[in-house]
Every structure is written in C-alpha cells, then in structure tokens.
Amino acid sequence: MITKLYPNQFSDPEAAIEEALAKLDIGYIDMMLLHHPGAGDVEAYHAMEKAVADGKIRSLGLSNWYVKELEEFLPQINIMPALVQNEIHPYYQENDVIPYIHNLGIVVQGWYPLGGRGYTTELLGNEVISEIATAYGKSSAQVILRWNLQKGVVVIPGSSNPDHIQENTELFDFELTEEEMERINALDRGEKHDWY
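Everything numeric in this text was worked out from a predicted model, so none of it was measured. (Residues numbered from 1 in each chain as written. Predicted model: local features only at pLDDT ≥ 70, side-chain atom pairs only at ≥ 80, totals over all residues. Heavy atoms only, no water.)

Examining the overall build of the protein
For step 1, the next point in the chain: Of regular secondary structure, the protein possesses 9 helices and 6 strands.
For step 2, the next point in the chain: At 18 Å, the protein has a C-alpha radius of gyration in line with the 16 Å of a compact globule built from 196 residues.
For step 3, the next point in the chain: Counting all 196 residues of the protein, 46% fall into the buried class.
For step 4, the next point in the chain: Summarising the internal contacts of the protein: among those between residues at least 6 apart in sequence, 71% fall at separations of at least 24.
For step 5, the next point in the chain: Here the protein holds 13 positive side-chain charges and 31 negative ones, and the gap between their average locations is 3 Å. (Helix = DSSP H or I, 4+ residues; strand = E, 2+ residues; numbered from the N terminus. Rg over C-alpha atoms; globule rule 2.2 N^0.38 Å. Buried < 20%, exposed > 50% of the residue type's maximum accessible area, 1.4 Å probe, protein only. Contact = heavy atoms within 4.5 Å. Lys, Arg positive; Asp, Glu negative; His and termini not counted. Charge placed at Lys NZ, Arg CZ, Asp CG, Glu CD.)

Right under this line is the structure:
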C-alpha cells in the first residue's frame, strides 16, 4: 500500500503519518511518498525516516521531483528514496530525468501514462502510436505502456473497466523496435497535464 504526505501536512508530518496508519488499519505503511516539493519537505521526510526506524513505514519515495529538486533534496536526507513517481507519457517524456533517477539506483514510476484526464483520447488516437499498435495487433494503450516499460518506467494506469485492466497486463508478448521507440520519443511536447 502506497500513501502520500501532502505539502499541507509537512508542518505536522508525525500527525499525518499516524492518521495514515489509523486509516489503513494494517499496522504499517508499505511506502510513503512526499507528494511534491514544498516548504518543510526535508523535515517531513526526516519524520518519515524516523517512522521507518520505528517500523511504521517500510520504504520511502518522492512524487513530482525532478533533477534540480533531487540535487537539492537528496544531500539533506539519510534514507535514499526507493521510488520517484512523476508524470510521464509520450507528450511529457522526462528523457533527461529518467536516466538521472535510474543512475541513483531509484525506481521511476510514471503516473498519467496514458495522458491523464481529458487528454487520453487524443493520445490514444495519435497517428504514430495507432500505426505501431496496428502493426502488432495491439491497442494504442498497450503500445504506450510497453514504450514506458522499455524505458525502465513502472506504469500505474488507472481504470475501473475490467477489459482495460486485463488489456493493461498484456504487454509482454511483443517488443517495440529501436526505430518505433524513437518514433514515440519524437512525440515529446514537454506538455505536462497536471501542474506539479
């Protein structure tokens, strides 16, 4: 179970951790992320580190942290984050950030892998992605998720549709070529679909 500490909780992180523990009601938190940088983020992370030492949290991570933020933040903490979770999709690729995070030994997880609310239809209808999908007999969503996996990005697509959930797991019987990866890489617009 992953949960987050939000910037409006950074001023009293101990209380936020206890609240999360009470809500989960399983005795511990598998992973807690700082939702995005903000005033008091280092102190909040230190409180999370103490909760790890106390056995309340198993591992720590960050969400919406990029190279500049990581360079400033990491020297001030003791436990290296296990995961950095950022917005990543073909229109917002973070091609400089992903290898930087990987080189630190940290897992990269992409949220909004299919573009996010209000953007999914356009992304799934992209001509390049649709053409590649047709060539493999796959959906555009499967091609995008496969592209992420081949970049070393763990994906968390959201769906309540059982057929889509099933489809999202069927990514391991095909592999995109280097040329196809490059064609999708060329779609990068630097277009974030959420503000953080």
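Next comes the rest of the write-up.
Side note on the pairing of strand β5 (residues 107–111)
For step 1, the next point in the chain: Extensive coverage of β5 is indicated by the burial of 4 of its 5 residues.
For step 2, the next point in the chain: In terms of strand pairing, strand β4 (residues 83–87) meets β5 through 5 bridges, oriented parallel. In the sheet register, L83 faces β5, and the bridge partner there is V107.
For step 3, the next point in the chain: Assessed by its sense of winding, the connection that carries the chain from β4 through helix α4 (residues 97–103) to β5 is right-handed. (Pairing = 2+ DSSP bridges. Right-handed = clockwise from strand over helix to strand, strands pointing away.)

Some details on the sheet that holds strand β3 (residues 57–63)
For step 1, the next point in the chain: Ordered in space as β1-β2-β3-β4-β5-β6, the 6 strands form an open sheet in which the pairing is parallel. Both edges of this open sheet fall to β1 (2–5) and β6 (153–155), since each of them pairs with a single strand only. The mean angle between the axes of side-by-side strands here comes to 35°, regardless of whether they run parallel or antiparallel.
For step 2, the next point in the chain: Sitting on the sheet, helix α1 (residues 13–24) touches β1, β2 (29–34) and β3, and the angle it makes with β2 is about 140°.
For step 3, the next point in the chain: Together, β1, β2 and β3 form the strand contacts of helix α2 (residues 41–53), whose direction differs from that of β3 by roughly 160°. (Axes fitted to C-alpha atoms, helices over the stretch in contact; angles between N-to-C directions.)

With respect to the environment of I132
For step 1, the next point in the chain: Here I132 is to be found in helix α6 (residues 127–136).
For step 2, the next point in the chain: Sequence separation between I132 and L176 is 44 residues, and the spatial gap between their C-alpha atoms is 8.6 Å.

Re the nonpolar core
For step 1, the next point in the chain: Core analysis: the largest hydrophobic core is formed by 33 residues, its most contacted members being L34, M48 and F73.
For step 2, the next point in the chain: When residues of this core are traced back to their parent elements, those giving at least two are α1, β2, α2, β3, α3 (67–73) and α4.
For step 3, the next point in the chain: Considering every element that reaches this core, the biggest residue donor is α2, with 6 residues.
For step 4, the next point in the chain: Every residue in contact with M48, bar those within four places of it in the chain, is listed here: L5, I17, M32, L33, L34, I57, L60 and G61.
For step 5, the next point in the chain: Residues I129, I132, A141 and I184 belong to the second largest nonpolar core, which totals 19 residues. (Core = buried A, V, L, I, M, F, W, Y, C linked by side-chain atoms within 4.5 Å.)

Quick look at the packing of α6 against helix α7 (residues 140–150)
For step 1, the next point in the chain: At a closest axis distance of 8 Å, the pairing of α6 and α7 adopts a crossing angle of 100°. In terms of orientation, α6 and α7 fall into the roughly perpendicular class. Across from I129, S130, I132 and A133 in α6, the residues of α7 making contact are S140, V143 and I144.
For step 2, the next point in the chain: Taken together, the residues of the contact of α6 with α7 break down into 5 nonpolar, 2 polar and no charged. (Parallel < 35°, antiparallel > 145°, perpendicular 65-115°, else oblique. Nonpolar A, V, L, I, M, F, W, Y, C, P; charged D, E, K, R; others polar.)

Observations regarding the layout of surface pockets
For step 1, the next point in the chain: In this structure, the largest pocket encloses a volume near 460 Å³.
For step 2, the next point in the chain: The element best represented in the lining of the largest pocket is helix α8 (residues 162–169), accounting for 3 residues.
For step 3, the next point in the chain: Looking at the lining of the largest pocket residue by residue, the class counts come to 9 nonpolar, 11 polar and 4 charged. (1 Å grid on protein atoms, 1.4 Å probe; cavity = no way out; pocket = protein on both sides within 12 Å on 5 of 7 lines; lining within 4 Å. Points joined across faces, edges and corners; volume = space filled by probe spheres on them.)

A closer look at α1
Given 3.6 residues per helical turn, the α-helix brings residues three or four places apart onto the same face.
For step 1, the next point in the chain: The end-to-end C-alpha distance of α1, which contains 12 residues, comes to 16 Å, matching closely the 16 Å that a straight helix rising 1.5 Å per residue would cover.
For step 2, the next point in the chain: All of the buried residues along α1 are P13, A16, I17, A20 and L21. Down the axis, α1 shows its buried residues gathered within 140° of arc, on one side only. For α1, the exposed residues set more than 90 degrees away from the buried face come down to A22 and K23.
For step 3, the next point in the chain: Buried-residue contacts for α1 involve β1, β2, α2 and β3. (Expected span 1.5 Å × (residues − 1). Arc of directions from axis to C-beta.)

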